[in-house]
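# Architecture and fold: a report
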Amino acid sequence: RLHAYGSGPDRAEIVHAIEAGSLPVEMHEGIDHAHPSLHRYKVFVNPSTSDVLCTATAEALAMGKKVLIPDHPSNTFFKQFANTITYQDQAELLPLLREALASPPTPMTPMERYALSWEAATERLLDAAALPAGTRRPKERPLHKLAYYAHYAMGVQPFFDVFRLATGATPVKPLPQRVREVPERLRALPRAAQAVARRRGAQGSDES
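Residues numbered from 1 in each chain as written. Predicted model: local features only at pLDDT ≥ 70, side-chain atom pairs only at ≥ 80, totals over all residues. Heavy atoms only, no water.

## A few points about the sheet that holds strand β5 (residues 84-87)
A sheet is described by the order of its strands in space; here 3 strands give the open sequence β3-β4-β5, paired in parallel fashion. Either end of the sheet is taken by a strand with one partner, and the two such strands are β3 (43-45) and β5. For this sheet, the mean angle separating the axes of adjacent strands, direction not counted, is 20 degrees. Bridge count between β3 and strand β4 (residues 66-70): 3 bridges; the pairing is parallel. By the bridge assignment for β4, valine 43 is matched with lysine 66. (Pairing = 2+ DSSP bridges. Helix = DSSP H or I, 4+ residues; strand = E, 2+ residues; numbered from the N terminus. Axes fitted to C-alpha atoms, helices over the stretch in contact; angles between N-to-C directions.)

## Brief notes about the nonpolar core
By size, the foremost hydrophobic cluster in this structure holds 8 residues: Ala60, Leu61, Val67, Ile69, Phe78, Phe81, Met108 and Ala115. Mapped onto this core, the elements with two or more residues apiece are α2 (53-62) and β4. If sequence neighbours within four positions are ignored, alanine 115 has contacts with Phe77, Gln80, Phe81, Ala120 and Arg124. Among the nonpolar cores identified, the runner-up in size contains 7 residues, and Leu68, Tyr87, Leu93 and Ala100 belong to it. (Core = buried A, V, L, I, M, F, W, Y, C linked by side-chain atoms within 4.5 Å. Buried < 20%, exposed > 50% of the residue type's maximum accessible area, 1.4 Å probe, protein only. Contact = heavy atoms within 4.5 Å.)

## Concerning the side chain of lysine 65
In this fold, lysine 65 is placed in the loop between α2 and β4. Despite being buried, lysine 65 has no salt bridge partner; glutamate 59 is the closest side chain of opposite charge, sitting 11 Å away. Separated by 2.8 Å, the side chain of lysine 65 and the backbone oxygen of leucine 38 make a polar contact. Discounting residues that sit within four places of it in the chain, lysine 65 has contacts with Leu38, His39, Tyr41, Lys42, Ala60, Asn83 and Pro105. (Lys, Arg positive; Asp, Glu negative; His and termini not counted. Salt bridge = Lys/Arg side-chain N within 4 Å of Asp/Glu carboxyl O. Polar contact = N/O pair within 3.5 Å; in protein donor to acceptor, adjacent residues only side chain to side chain.)

## Quick word on the pattern of salt bridges
Under the criterion given, the structure shown has 3 salt bridges. One salt bridge connects glutamate 26 with arginine 1, and the closest N-O pair in it is separated by 3.6 Å. Residue glutamate 26 is found in strand β2 (residues 25-28), and its partner arginine 1 is found in the segment before β1 (2-5); the two are separated by 25 residues along the sequence. Judged by its relative accessible area of 67%, arginine 1 is exposed.

## Notes on the pairing of β4
Burial within β4 is extensive, with 5 of its 5 residues counted as buried. Neither face of β4 is left uncovered, since the one carrying Lys66, Leu68 and Pro70 and the one carrying Val67 and Ile69 both have all their residues buried. Note: β4 against β5, 4 bridges, orientation parallel. Paired with proline 70 across the strands is tyrosine 87, a residue of β5.

No statement about biological role is implied by the geometric values presented.
Structure follows, in structure tokens:
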């Protein structure tokens, strides 16, 4: 019997499909990824190719579980782990799940444990961001500068919620609530400008 966890906007539709098909799936509310009730499972199935895909898979591997995930570009990092099982077609999912349940997970090697550490993640980030000495920074080129500011804007509200809506994710704050807050934000602008002016005046006094 498969145990599924989640409380997203598609939950009602998923529950309906389970009941309509009399599927051997038990649906649970979403819980914290480190909840003790999850320790009893030895296989984690994550068919998602979008939201929080890599985070949940990395946590499952760190807990010593097998992970069954689609062969997707965002899963390339996880292929180095012995407990990772990938599939290319959904028809492969059930046979691979039965096979995964037939044996216990493989104990992680020291190198696998290190690959999931913050230290290793930081090293990968620095390696990806490093540029040879004297190289012109990409954001100094016109098109790259445009891409840089576009990417930066995606993380700033309300653009972040617009981006989430466009990609099928749930916005951090519902649009009606954000619209209701617009008058208050406009009223706050003069106060913010005055505060900035006061800080600049104080800094000028200190420098003199």
